[in-house]
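Topology and contacts: notes
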Amino acid sequence: MIRIHFTAEDFARVRFAPRPAPVQELNAVFLTLFGRRDELLFGRWRQRVLRALPDAVEPLGDLVPAGEAPVFLDVLGETLDEGLDLVAAAGPEVVRSELERLYAGRPSPRWIRDLHGEEAGSWRILRRAQRAAFEAALAPVWPLVQDLHRGEFTRHALAVAEHGLGAALPALVAGTRLRGSVWEWAAPGARDVRLGGRGLVLLPTFHWTGLPRIQDRPDRPVVVTYAAGSGLPPSPEGAAGPAEALTGVLGTTRVALLRLLSEEHTTSGLATRLCVSNATASAHTSTLRAAGLITTIRSGRSVLHLRTPLGTLLLGR
């Protein structure tokens, strides 16, 4: 169980990152690229990204030998250069301890040993690798990531305005709950993070579908990076096949319904948007739900439908 302990001061110091963080989003890319093995959902995206990565990116693989990035790569920064500067500003004690943790009992590449010794050339290798990785994997979709971030920012702002922070935090991250002054969620192991007046920054990522990730540095606000978006990494315009190819299989109305369900809709809302009866909309949602393309949950007297990652994959967006 992960538990984040708030003081009264911390509740007043919760803020939402105003813009996405390029280096954090790049970390999420690599976690998904090498950590997720669901080929049905991630295979096509993984193949596209791996083909695009140049040789200069290879040192980043040396920094994640166990699939977990060192904490000195875990930075914010609203631009790529700002994020890279924050990585380079990590104290030598942090860098050495993290490299020793990652390579405990195993041989390390020469440039990693140089990084451990604070050699300037090793930092140039790392910066070049991060910049090349961003240009290949994130630059083509960065405008979309920025748009998605603005949408998530708005969603959180409305939730806080309508329901208050106590309800907005659990609603922001599925599977979490706020019990008194403790925000918690189930996770392997146990960890208690005490804010102690430092405050909290909420940062969505659109290349990660796992549990929230926590950045806890002394004398800094704690950062919670959480999975947002459709559950699939964004694709550049034109990378996916046309959704019209599904029409012959699902039919025009069901494809249109899938398009609408990138956001939650009620059955009656779908009927209105599609110009069909409630009964027809209900029949279509039942068929798509049985195929695993949408999910349905009850909310009061209404039911809400939403597209699943598989539905997004088939639609190609």
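Heads up: these notes are all about the structure in this document. Computed from a prediction, not measured in an experiment: that's the story for all the values here.

Looking now at the overall build of the protein chain. The helix and strand inventory of the protein chain stands at 15 helices and 11 strands. Its C-alpha atoms give the protein chain a radius of gyration of 22 Å, near enough to 20 Å, the size a compact globule of 317 residues would have. With the C-alpha coordinates of the protein chain rotated into their principal frame, the extents come out at 70 × 50 × 30 Å. Here the protein chain holds 317 residues, and the buried ones make up 43% of them.

Overall, the coordinates contain 12 salt bridges when judged by the stated rule. A salt bridge links Arg-101 to Glu-98, with the shortest nitrogen-to-oxygen separation between them at 2.7 Å. Of the two residues, Arg-101 and Glu-98 both sit in helix α6 (residues 92–102), 3 residues apart, roughly one turn of that helix. With relative accessibility at 45%, the residue Arg-101 sits in the partly exposed group. Across the pair Glu-152 and Arg-155 runs a salt bridge, and its minimum N-O distance is 2.7 Å.

On to empty space enclosed by the protein, then. For the structure on display, the rule yields 1 cavity of 30 Å³ or more. Taken as a whole, the largest cavity encloses approximately 40 Å³ of empty space. Around the largest cavity sit Phe-42, Phe-206, His-207, Trp-208, Thr-209, Ala-228, Gly-231, Leu-232 and Pro-233, which together line it.

Right, let's talk about the sheet that holds strand β9 (residues 265–266) for a bit. Read from one edge to the other, the open sheet built from 3 strands follows the order β9-β11-β10, with strand pairing classed as antiparallel. Where the open sheet ends on each side, the last strands, each with one partner, are β9 and β10 (294–299). Lying over the sheet, helix α14 (residues 278–290) contacts β10 and β11 (302–307), oriented at roughly 120 degrees with respect to β10.

Time to look at the side chain of His-305. By the secondary structure assignment, His-305 is in strand β11. A polar contact is formed between the side chain of His-305 and the side chain of Thr-267, at a distance of 2.8 Å. Within polar-contact distance, the side chain of His-305 engages the side chain of Thr-296 at 2.8 Å. Not counting chain neighbours up to four residues away, the residues in contact with His-305 comprise Leu-261, Glu-263, Glu-264, His-265, Thr-266, Thr-267, Leu-270, Thr-285, Arg-289, Ile-294, Thr-295 and Thr-296.

Mapping His-156 onto the fold places it in helix α9 (residues 142–163). As a C-alpha pair, His-156 and Pro-233 span 77 residues in sequence and 21 Å in three-dimensional space. Ignoring any residue separated from it by four or fewer positions in sequence, one finds His-156 in contact with Phe-16, Leu-165, Ala-168, Leu-172 and Leu-202.

All chains considered together, the criterion is met by 5 aromatic pairs. Ring geometry for Phe-72 versus Trp-123: centroids 6.3 Å apart, planes at 65 degrees, classification edge-to-face. Taken together, the positions of Phe-72 in the loop between α4 (58–62) and α5 (80–88) and Trp-123 in helix α8 (residues 120–138) put the pair 51 residues apart, joining distant regions of the chain. Classification of Phe-72 as buried rests on a relative accessible area of 1%. When its relative accessible area of 14% is taken as the criterion, Trp-123 is described as buried. The interplanar angle of 75 degrees and the centroid separation of 5.3 Å between the aromatic rings of Trp-183 and Trp-185 together place this pair among those described as edge-to-face. The burial state of Trp-183 is the same as that of Trp-185; both residues are buried. Between the NZ or CZ atom of Arg-213 and the centre of the ring of Trp-208, over which it lies, the distance is 5.8 Å.

The next subject is the nonpolar core. In this structure, Ile-4, Leu-63, Phe-72, Leu-126, Trp-183, Leu-200 and Leu-202 are the most contacted members of the largest nonpolar core, which totals 59 residues. No other element matches α8, which puts 9 residues into this core. Residues Leu-257, Leu-261, Leu-270 and Leu-274 belong to the second largest nonpolar core, which totals 12 residues.

Turning our attention to the side chain of His-149. Position of His-149 among the secondary structure elements: in helix α9. Setting aside its immediate chain neighbours within four residues, His-149 contacts Phe-16, Ala-17, Pro-18, Arg-19, Pro-20, Leu-203, Pro-204 and Phe-206.

Roughly 650 Å³ of internal volume is contained in the second largest pocket. Residue lining of the second largest pocket: 29 residues in total, with Glu-68, Arg-191, Pro-212, Arg-213 and Ile-214 positioned closest to the centre. Looking at the lining of the second largest pocket, the elements that each hand over two or more residues are α2 (22–35), β7 (213–215) and β8 (222–227). Its residues assigned to classes, the lining of the second largest pocket shows 16 nonpolar, 6 polar and 7 charged.

Let's shift gears to α5. Inspection of α5 places Leu-80, Gly-83, Leu-84 and Val-87 among the buried residues, and these make up the whole buried set. The buried residues of α5 all sit within an arc of 100 degrees when viewed along its axis, so they share a single face. Against α2 and α8 lie the buried residues of α5.

Thresholds, definitions, all that
Residues numbered from 1 in each chain as written. Predicted model: local features only at pLDDT ≥ 70, side-chain atom pairs only at ≥ 80, totals over all residues. Heavy atoms only, no water. Helix = DSSP H or I, 4+ residues; strand = E, 2+ residues; numbered from the N terminus. Rg over C-alpha atoms; globule rule 2.2 N^0.38 Å. Buried < 20%, exposed > 50% of the residue type's maximum accessible area, 1.4 Å probe, protein only. Salt bridge = Lys/Arg side-chain N within 4 Å of Asp/Glu carboxyl O. 1 Å grid on protein atoms, 1.4 Å probe; cavity = no way out; pocket = protein on both sides within 12 Å on 5 of 7 lines; lining within 4 Å. Points joined across faces, edges and corners; volume = space filled by probe spheres on them. Pairing = 2+ DSSP bridges. Contact = heavy atoms within 4.5 Å. Axes fitted to C-alpha atoms, helices over the stretch in contact; angles between N-to-C directions. Polar contact = N/O pair within 3.5 Å; in protein donor to acceptor, adjacent residues only side chain to side chain. Phe/Tyr/Trp six-rings, centres within 6.5 Å; stacked < 30°, edge-to-face > 60°. Lys NZ or Arg CZ within 6 Å of the ring centre and 35° of its normal. Core = buried A, V, L, I, M, F, W, Y, C linked by side-chain atoms within 4.5 Å. Nonpolar A, V, L, I, M, F, W, Y, C, P; charged D, E, K, R; others polar. Arc of directions from axis to C-beta.

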